[in-house]
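# Coordinates in review
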Amino acid sequence: MADTKSGRYANSNANSGPSGSSSSTPTNISQLVQGPANLECKDFQEYLRTRQTPETLEKLYNYPPICLAVYRDLPEIARQFIIRILFVDQPVPQAVVSSWGAQRCAKEQQEATSCLTSLNVWRVTAIPGGLAAWELSPTFKKSVRQILLGGGKPWPMTNTLEKDSKPRDIAFLDSYAMSRWRCVLHYMVGTGNRNGTDAEAISPDAVRILLHANLMKRDERDGITITRQGFQFLLLDTRAQVWHFMMQYLDTCEERGISLPECLSMLFQLSFSTLGRDYSSEGMSNQMLAFLQHLREFGLVFQRKRKEGRFYPTRLALNVTSKESADAATAIVTLSASEEEERMQDRGYIVVETNYRVYAYTDSPLQVAVLGLFTELLYRFPNLVVGVLTRDSVRQALRGGITAEQIISYLEQYAHPNMKLVESAINSKSCLPPTVVDQIKLWEMERNRFTYTEGVVYNQFLSTNDFVTLRDYAQSIQVLVWQNEKTRTMVVQKNGHDDVKRYWKKYSKSGG
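An account of the accompanying structure is given in this report. (Residues numbered from 1 in each chain as written. Predicted model: local features only at pLDDT ≥ 70, side-chain atom pairs only at ≥ 80, totals over all residues. Heavy atoms only, no water.)

## Topic: the sheet that holds strand 3 (residues 92-93)
Taken together, the 3 strands give an open sheet; going across it, the order is 3-5-4, and neighbouring strands pair in antiparallel fashion. Of all strands in the sheet, those with a lone pairing partner are strand 3 and strand 4 (122-127), marking the two edges. When strand 3 meets strand 5 (residues 131-136), the two strands line up antiparallel, connected through 2 bridges. Across the sheet, the residue bridging to Val92 is Trp134, located in strand 5. (Pairing = 2+ DSSP bridges. Helix = DSSP H or I, 4+ residues; strand = E, 2+ residues; numbered from the N terminus.)

## A short note on the packing of helix 4 (residues 76-85) against helix 6 (residues 106-118)
Between helix 4 and helix 6, whose axes approach to 8 Å, the crossing angle comes to 65 degrees. Relative to helix 6, the element helix 4 is oriented roughly perpendicular. Taken as a pair, helix 4 and helix 6 cross one another with a handedness that is right-handed. Across the interface between the two elements, Ile77, Ala78, Phe81 and Ile82 from helix 4 touch Glu108, Gln109, Ala112, Thr113 and Leu116 from helix 6. The residue makeup of the contact of helix 4 with helix 6, split by class, is 6 nonpolar, 2 polar and 1 charged. (Axes fitted to C-alpha atoms, helices over the stretch in contact; angles between N-to-C directions. Parallel < 35°, antiparallel > 145°, perpendicular 65-115°, else oblique. Left-handed = near helix turned anticlockwise from the far one by under 90°. Contact = heavy atoms within 4.5 Å. Nonpolar A, V, L, I, M, F, W, Y, C, P; charged D, E, K, R; others polar.)

## Observations concerning the nonpolar core
Counting residues in each nonpolar core, the largest one holds 110 residues, and the members touching the most others are Met246, Ile350 and Phe374. In terms of residue count, helix 11 (residues 238-251) provides more of this core than any other element does, 8 residues in total. For Met246, the contacting residues outside a window of four places in its chain are Leu267, Phe291, Leu295, Phe298 and Leu300. (Core = buried A, V, L, I, M, F, W, Y, C linked by side-chain atoms within 4.5 Å. Buried < 20%, exposed > 50% of the residue type's maximum accessible area, 1.4 Å probe, protein only.)

## Overview of helix 13 (residues 260-271)
For helix 13, spanning 12 residues, the distance from its first C-alpha to its last is 17 Å, which sits close to the expected 16 Å at 1.5 Å a residue. Within helix 13, 11 of the 12 residues are buried, which leaves the element mostly enclosed by the surrounding structure. For helix 13, the complete set of buried residues consists of Leu260, Pro261, Cys263, Leu264, Ser265, Met266, Leu267, Phe268, Gln269, Leu270 and Ser271. (Expected span 1.5 Å × (residues − 1).)

## Observations concerning the packing of helix 23 (residues 464-476) against helix 24 (residues 497-509)
The N-to-C vectors of helix 23 and helix 24 enclose an angle of 140 degrees; their axes lie 10 Å apart at closest approach. Judged by the angle between their axes, helix 23 and helix 24 are oblique. The element helix 23 and its partner helix 24 pack so that their crossing is right-handed. Residue-level inspection shows Asn465, Asp466, Thr469, Leu470, Tyr473 and Ala474 of helix 23 in contact with helix 24, the latter providing Asp499, Val500, Tyr503, Trp504 and Tyr507. Split by residue class, the contact of helix 23 with helix 24 holds 7 nonpolar, 2 polar and 2 charged.

## Quick word on unusual backbone geometry
Residues other than glycine seldom take positive phi values, yet Asn214 does so here, at roughly 60 degrees. Relative to the helices and strands, Asn214 resides in the loop between helix 9 (204-212) and strand 6 (216-219). The phi angle at Gln478 is positive, at roughly 60 degrees, despite the residue not being glycine. Checked against the element boundaries, Gln478 lands in the loop between helix 23 and strand 16 (480-484). Here Gln478 falls in the exposed class, since its relative accessible area comes to 68%.

## Description of the packing of aromatic side chains
Counted according to the given criterion, the structure contains 26 aromatic pairs. Aromatic pair Phe44 and Trp243: ring centres 6.1 Å apart, planes at 80 degrees, arrangement edge-to-face. In this pair, Phe44 sits in helix 1 (residues 44-51) while Trp243 sits in helix 11, placing the two residues 199 residues apart along the sequence. By the burial criterion, Phe44 is buried, and Trp243 matches it. (Phe/Tyr/Trp six-rings, centres within 6.5 Å; stacked < 30°, edge-to-face > 60°.)

## Side note on the pattern of salt bridges
One pass over the structure, following the stated rule, counts 14 salt bridges. Asp89 is the partner of Arg145 in a salt bridge, and the nearest nitrogen-oxygen pair spans 3.4 Å. Of this pair, Arg145 sits in helix 7 (residues 138-149) while Asp89 sits in the loop between helix 4 and strand 3; the two residues are 56 residues apart in sequence, bridging distant segments of the chain. Through salt bridges with shared partners, a single ionic network connects Asp205, Arg208 and Arg256. (Salt bridge = Lys/Arg side-chain N within 4 Å of Asp/Glu carboxyl O.)

## Digging into the sheet that holds strand 9 (residues 301-302)
One open sheet accounts for 3 strands, arranged 8-10-9; its pairing is antiparallel. Each edge of the open sheet is held by one strand with a lone partner, namely strand 8 (279-280) and strand 9. Judged from the 2 bridges that link them, strand 8 and strand 10 (residues 310-313) form a sheet pairing that is antiparallel. Its bridge partner being in strand 10, Tyr279 is matched across the sheet by Phe311.

## Considering the environment of Met216
Tracing the chain through its elements places Met216 in strand 6. Residue Met216 is classed as buried on the basis of its relative accessible area, which comes to 3%. Taking the C-alpha atoms as reference points, Met216 and Phe231, 15 residues apart in sequence, are found 9.4 Å from one another. Those residues in contact with Met216 that lie beyond four places of it in its chain are Tyr187, Met188, Leu210, Leu211, Ile224, Thr225, Ile226 and Thr227.

## Some details on the side chain of Ser273
Within the secondary structure, Ser273 sits in the loop between helix 13 and strand 8. Take Ser273: its relative accessible area is 9%, and that puts it in the buried class. Engagement of the side chain of Ser273 in a polar contact is seen with the backbone oxygen of Leu270, the distance being 2.4 Å. Not counting residues within four places of it along the chain, the set of residues in contact with Ser273 comprises Met157, Tyr279, Pro313 and Leu318. (Polar contact = N/O pair within 3.5 Å; in protein donor to acceptor, adjacent residues only side chain to side chain.)

## Remarks on the pairing of strand 4
Bridge count for strand 4 against strand 5 is 6 bridges, and the pairing is antiparallel. Among the inter-strand pairings, Arg123 is bridged to a residue of strand 5, identified as Glu135. The antiparallel pairing of strand 4 with strand 5 creates a hairpin that spans 3 residues between the two strands, and Gly129 there sits at a positive phi of about 105 degrees.

## Points about a nonpolar patch on the surface
Nonpolar side chains collect at one region of the surface, where Ile83, Phe87, Leu148 and Leu149 lie side by side and expose about 420 Å² of accessible area between them. We classify Phe87 as partly exposed; its relative accessible area is 47%. (Patch = residues over 30% accessible without salt bridge, like charges linked within 9 Å, V, L, I, M, F, W, Y side chains within 5 Å. Areas by Shrake-Rupley, 256 points an atom, 1.4 Å probe, with all protein chains shown as cover.)

Below is the structure:
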């Protein structure tokens, strides 16, 4: 008989295989080799598809701001489908919908159809004659009609306010938002709350979110430390960081006694607001007032006092759900010369040379700490930090969970504007020296000699004929990962284990 053991098989160029203990019955064992766990950054659509059930989606679609956000995030063809059947009261045959696009766009139409189905925006139904048809979700249809035609309950934050005696301009809101958000990042890299100032402190609630997101973990010896996913999180752009953080916050809404649909609705209301304008918090429930205070701490809104009836959405709130809104919001900002210079420094302050030297024109402890994740820091001056990319420093970052693409992307994202004017940068996609980019990737390839496949080990066959028969069957259904006829051992994919197991039982009962 064959013994089976579930686990994860590591395959490399070396001629080696899994080993197992002798046992007469199938035994579940721990993973042979644990693969690296990476940060999963889901966009809004992925969040709804993977985290929410159809029943929850129906509850979310009762809120017009959420439906507007879903509609805005859909592919262009999917938006066309919705508009064309929005005011049609009966289901529309699938053949009719397919005929709306040219044959050359069949692939895009299929993607749009799958997207609408997975989001439960429309569903399959039958019409007289047995034809399959598409029908929009009644809840989604009602909310989108309200968005286009008006009606329904007004948004609480749109209440009329008297003119603010101390209005806040856009420059102040930008500065406030980044200072609050950087407190979270400073805490992650270990530079937060070291000076004992309130500006650098974050609340225990924010720490709980970092722990829930596995961006940080509790260590008995070192206290709270950053994790592999935390390292990767630091290299994301600010918009992606805020969205991932808020997505983890939304996962804990039920624990806080806060309604998830109401939180998402308010978050999207903020994303549709106007930068620099104040809004009313009067009429909000206690739950939403508590949510507003959390947004205030993370830098998504500004409020002078907790009980004040007005607040200002910041750029972080406007940009959190859509890159298009980020670009639009950036376009309306008017900055002075000094403010423009400071913003330019935040946008591009790194110079990378062909000798692997990295010059960072910054005095921000956070930016220096992030650079220290993958470079060896050599010198530090009041407004300049000099480091070098070495094999050891990059491999240390790789061991911490940072990938070569993330290092390259970070250096490109914050590259000094002058680097983009170099002839080699104009002629290529990257503004970094090609030798540096290639070498970082080569250092990563040195470590990526193993591929991981989760599977089941079969061994202890009574005869070579039994082994060959089962091996050939696993190979015929394309689930064989590895085999060694000499030791009568093989590994099959986990999703093919049931088929192979059924075949083996049938083969055994028939007497071979």
